[in-house]
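Chains, contacts and geometry: an overview
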Amino acid sequence: SQFAIIITGDHSQSDLASAEEASVDLDEVLAEFQVVKAGGKWQSGDDLMVCPNMRAAQIYLRSESSNLRQQVVDRLLESDGIDQVMWCEAGLEIDDSEDTTFHVATRDRGSLSFRSTGAERARGIDHFGGQWCWEGDLRALDATVDLEGRLSCGDYPNAFERVATSFSRQSGSLWVTARLGREFCLPGTSCNSRGSHGSLHSLDSTSPLIVAGLPDAIALPDHIRTVDVVPLCLDILDLQSEYAVGASHVTR
């Protein structure tokens, strides 16, 4: 075939409750802390900078003390609009490192700590070859592992890899997601009227992929992500790609 066509989207949408019921105002949730005014810069005495983006938000801590972080996490989990609170320790970027531990805390499904690891220590391997060990409650990410060590996440597809690649030197100290039907809003603003996205939930995350005219030598894997679109295009053009289609972006 002379031409190949790829059609996809970067996300899907989950339904929201009414604008009044949907709103989760993190400034209100974190009222006991000094929060930077929206769009402002750090001022003396500020504790937190809150950056909401629809159904997810990043929270920057002025001090990286574990005591402040735990206070913020505890307060966030008191809100019925919060689904998950996530942070990492002992490293800020993933680079074939087993030194970074990721944490996911929930209000009613327990807490989970996990890290990328080598095959000899792995408790489970995801659909893309990512190797993981963990402690705590897999329900925090709706994850299960079968007798052969295959790791799957139901409501939060590919959650281990997505959480692990969400942190960098520019990202917030904490990531927060909203429960279904809820969205983060700033004071004086309103939520979207019908649908939104941005969380780890499958209803926010799963978009279609329509492909036609692939060369005979290229076959799509059973599980595919948005990050596979670029290497797929490069494969079609017979160009080199840093990642193979369907390969882990954490474990190499």
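See above for the structure.
Below: a short report on this structure. A quick note: this is a predicted structure, and the numbers were derived from the prediction, not measured.

What follows deals with the packing of aromatic side chains. Overall, the coordinates contain six aromatic pairs when judged by the stated rule. Ring centres of F102 and F167 lie 6.1 Å apart, and the angle between their planes is 35°; on these two criteria the pair is classed as tilted. On the criterion of sequence distance, the pair formed by F102 in strand β7 (residues 101-106) and F167 in the loop between α4 (159-164) and β13 (174-178) is long-range, its members being 65 residues apart. By the ring-pair criterion, three or more aromatic residues cluster together here, those being F102, F114, W132, W134, F160 and F167.

If you trace the eight strands from one edge of the open sheet to the other, you get β4-β5-β13-β6-β7-β8-β10-β9, paired in antiparallel fashion. Looking along the sheet, the strands with just one partner apiece sit at the ends: β4 (48-53) and β9 (124-125). In the packing of helix α3 (residues 66-76) onto the sheet, the strands contacted are β4, β5 (56-61), β6 (82-89), β7 and β13, and the crossing angle to β6 comes to about 165°.

Moving on: the nonpolar core. Counting 24 residues, the largest nonpolar core has L26, L30, I59, V72, L76, I82 and L174 as its most contacted members. Counting residues per element, the ones that place at least two in this core are α2 (26-29), β4, β5, α3, β6 and β13. It is α3 that contributes the most residues to this core, four residues altogether. Every residue in contact with L26, bar those within four places of it in the chain, is listed here: V50, A57, L76, I82, F184 and C185.

Tracing the backbone through its elements, the reader meets L232 in helix α6 (residues 229-236). Taking relative accessible area as the criterion, L232 reaches 1% and is therefore assigned buried. When the C-alpha positions of L232 and V50 are compared, they lie 36 Å apart, and in sequence the two are 182 residues distant.

Glancing now at empty space enclosed by the protein. Under the counting rule described, the total for this entry stands at one cavity of 30 Å³ or more. In this model, the largest cavity occupies a volume close to 50 Å³. Considering the residues around the largest cavity, the lining is formed by D126, H127, L151, S152, C153, N158, A159 and F160. Counting residues per element, the ones that place at least two in the lining of the largest cavity are β12 (151-153) and α4. Tallied by class, residues from the lining of the largest cavity come to four nonpolar, three polar and one charged.

A separate point is the side chain of E161. Locating E161 in the fold gives a position in helix α4. Setting aside anything within four residues of it in sequence, one finds E161 in contact with D126, F128, W132, R225, A247, S248, H249 and V250.

Our next topic: the layout of surface pockets. The calculated volume of the largest pocket comes to roughly 1200 Å³. Lining the largest pocket are 42 residues, with D10, P157, R162, S205 and T226 sitting closest to its centre. If you list the elements that add at least two residues to the lining of the largest pocket, you get β4, β5, β12, α4, β13 and α5 (202-205). Split by residue class, the lining of the largest pocket holds 17 nonpolar, 19 polar and six charged.

Attention now moves to the pattern of salt bridges. Any two side chains of opposite charge can pair if their charged atoms end up close together. As enumerated under the stated definition, the model contains 13 salt bridges in all. The partner of R55 in a salt bridge is D204, and the shortest N-O contact between them spans 2.7 Å. Of the two residues, R55 sits in the loop between β4 and β5 while D204 sits in helix α5, which places them 149 residues apart along the sequence. Like D204, R55 is buried. For R109, the salt bridge identified is with D108, shortest N-O distance 3.8 Å. We classify D108 as partly exposed; its relative accessible area is 45%. Taken together, the shared-partner salt bridges connect D83, D108, R109 and R179 into one network.

Take unusual backbone geometry next. Backbone geometry places M54, a non-glycine residue, at a positive phi of 60°. Structurally, the position occupied by M54 is in the loop between β4 and β5. The residue D142 is not glycine, and still its phi comes out positive at about 50°. Tracing the sequence through the fold places D142 in the loop between β10 (131-136) and β11 (143-145). Take D142: its relative accessible area is 32%, and that puts it in the partly exposed class.

So, how was this worked out
All chains use their own residue numbering, which begins from 1 and follows the written sequence. With the structure being a predicted model, the display of local features is reserved for residues of pLDDT at least 70 and the display and counting of side-chain atom pairs for 80 or more, all residues being used for whole-chain, interface and lining totals. To get the side-chain values, all heavy atoms of the structure are used, and hydrogens and water are removed first. Put simply, two rings from Phe, Tyr or Trp (the six-membered ring, in Trp's case) pair if the centres are within 6.5 Å, and we call them stacked under 30 degrees between planes, edge-to-face over 60, tilted for the rest. Helix and strand assignments come from DSSP, with helices taken as H or I runs of at least 4 residues and strands as E runs of at least 2, each series counted from the N terminus. Should DSSP find at least two bridges between two strands, the strands are taken to pair. Residue contacts are counted whenever heavy atoms from the two residues lie within 4.5 Å of one another. The axes are straight lines fitted to the C-alpha atoms, using for helices just the contacting stretch, and the angles between their N-to-C directions are given from 0 to 180°. Only buried residues count toward a nonpolar core, which is a set of Ala, Val, Leu, Ile, Met, Phe, Trp, Tyr and Cys residues joined through side-chain atoms within 4.5 Å. Here's how the labels work: a residue is buried when its accessible area is under 20% of the maximum for its type, exposed when over 50%, partly exposed in between, all with a 1.4 Å probe on protein chains only. Grid spacing is 1 Å over the protein atoms alone, the probe is 1.4 Å, and a cavity is where that probe fits but cannot get out, while a pocket is an open set with protein on both sides within 12 Å along at least five of seven lines and lining residues have an atom within 4 Å of a point. Grid points are joined across faces, edges and corners, and a volume is the space filled by probe spheres set on the points. Under the scheme applied here, ten amino acids are nonpolar (Ala, Val, Leu, Ile, Met, Phe, Trp, Tyr, Cys and Pro), four are charged (Asp, Glu, Lys and Arg), and all others, including Gly, are polar. A side-chain nitrogen of Lys or Arg and a carboxyl oxygen of Asp or Glu constitute a salt bridge if their distance falls within 4 Å.

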